[in-house]
Amino acid sequence: MRGRALFFDADDTHLTPSGVVTCGTCHPGGGEDGLTWFLHTAGIAPKVRRTPPAWAAREELAPFHWDGALPDAATLSHATIRERMEGDGLLVDTDAMAAWMNEAPIPPGAPHDGAEGRRIFEERGCADCHAGPLLSDARSHDVLAPSPDPLAHLARSPPLLGVRARPPYFHDGRAPTLLHVLSDHGERHGRTRDLDDAQRAALVRYLQTL
């Protein structure tokens, strides 16, 4: 409860001196705002990044950020306070914030029949990287075409729970829908390049159930 209070606190100047922005501004309810941001601060080189869900800062998904540079959720919280919210982080109980994110609610899946899509998911190698209870191996993979961002071809496997409610996709939001993930990026994303339209639709239905 202490961590939850800090997450939505706009009064603590060590968190946010402006008194306007909280962690919950970009992560409403412990989730995500669905926006892609152009980041350029003193501590962050210019890049485009999509807001990840705060509930994905669970212990088993460490390290964090798209480049895996932050070893735990407390470090992630402190870095976000300093680099994004302009606070100094002094006296902020980032361990409590990490504890709350470790328990924050995950969006439910849709009640579809995903049996055929699950078979494709397992046969085409999707489960190689999206494995375990949260469907992520917490590793980076070379699955995207290059872009002006020199590291944009690397993508950490995101957890797929609640994925239906989390467009756009990839770390820079380049795929507006799950179908675009499979149709536009299938050549590097599992063995999905040669799926036909019906197979892609079945796979999307399964992903929507997660």
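All figures in this text were calculated on a predicted structure; none of them were measured in a lab. (Residues numbered from 1 in each chain as written. Predicted model: local features only at pLDDT ≥ 70, side-chain atom pairs only at ≥ 80, totals over all residues. Heavy atoms only, no water.)

Enquirer: Which residues make up the nonpolar core, and what values go with them?
Expert: Of all hydrophobic cores here, the largest spans 47 residues; its most connected members are M97, L203 and L207. Contacts of M97, omitting those with residues within four sequence positions, involve G3, L6, F7, L15, C23, S77, I81 and V92. (Core = buried A, V, L, I, M, F, W, Y, C linked by side-chain atoms within 4.5 Å. Buried < 20%, exposed > 50% of the residue type's maximum accessible area, 1.4 Å probe, protein only. Contact = heavy atoms within 4.5 Å.)

Enquirer: Give me the lowdown on the packing of helix α5 (residues 115-123) against helix α8 (residues 197-209), citing residues and values where you can.
Expert: Interaxial distance between α5 and α8 falls to 7 Å at its minimum, and their mutual angle equals 100 degrees. With respect to α8, the element α5 is oriented roughly perpendicular. Side by side, α5 and α8 meet where E116, G117, R118, I120 and F121 of the first sit next to Q199, A202, L203, Y206 and L207 of the second. The class makeup of the residues in the contact of α5 with α8 is six nonpolar, two polar and two charged. (Axes fitted to C-alpha atoms, helices over the stretch in contact; angles between N-to-C directions. Helix = DSSP H or I, 4+ residues; strand = E, 2+ residues; numbered from the N terminus. Parallel < 35°, antiparallel > 145°, perpendicular 65-115°, else oblique. Nonpolar A, V, L, I, M, F, W, Y, C, P; charged D, E, K, R; others polar.)

Enquirer: Could you give me a rundown of the confidence of the model for the protein, with the residues and numbers involved?
Expert: On average, residues of the protein score 88 in pLDDT, and 93% of them are at 70 or above. Taken element by element, the protein is modelled with least confidence in strand β4 (residues 154-156), mean pLDDT 73, and with most confidence in helix α4 (residues 94-101), mean pLDDT 97. (pLDDT = per-residue confidence, 0-100.)

Enquirer: Give a description of the packing of aromatic side chains that names residues and reports values.
Expert: One pass over the structure, following the stated rule, counts four aromatic pairs. Relative to F8, the ring of F7 has its centre 5.1 Å away and its plane inclined at 70 degrees; by these criteria the two rings are edge-to-face. Judged by centre distance (5.7 Å) and plane angle (75 degrees), the rings of F8 and W100 are edge-to-face. One end of the pair, F8, is in the loop between α1 (2-7) and α2 (23-26); the other, W100, is in helix α4, and 92 residues separate them in sequence. By relative accessible area, which is 31% here, F8 ends up partly exposed. Residue W100 is classed as buried on the basis of its relative accessible area of 13%. Clustering of aromatic rings is evident, with ring pairs tying together F7, F8 and W100. (Phe/Tyr/Trp six-rings, centres within 6.5 Å; stacked < 30°, edge-to-face > 60°.)

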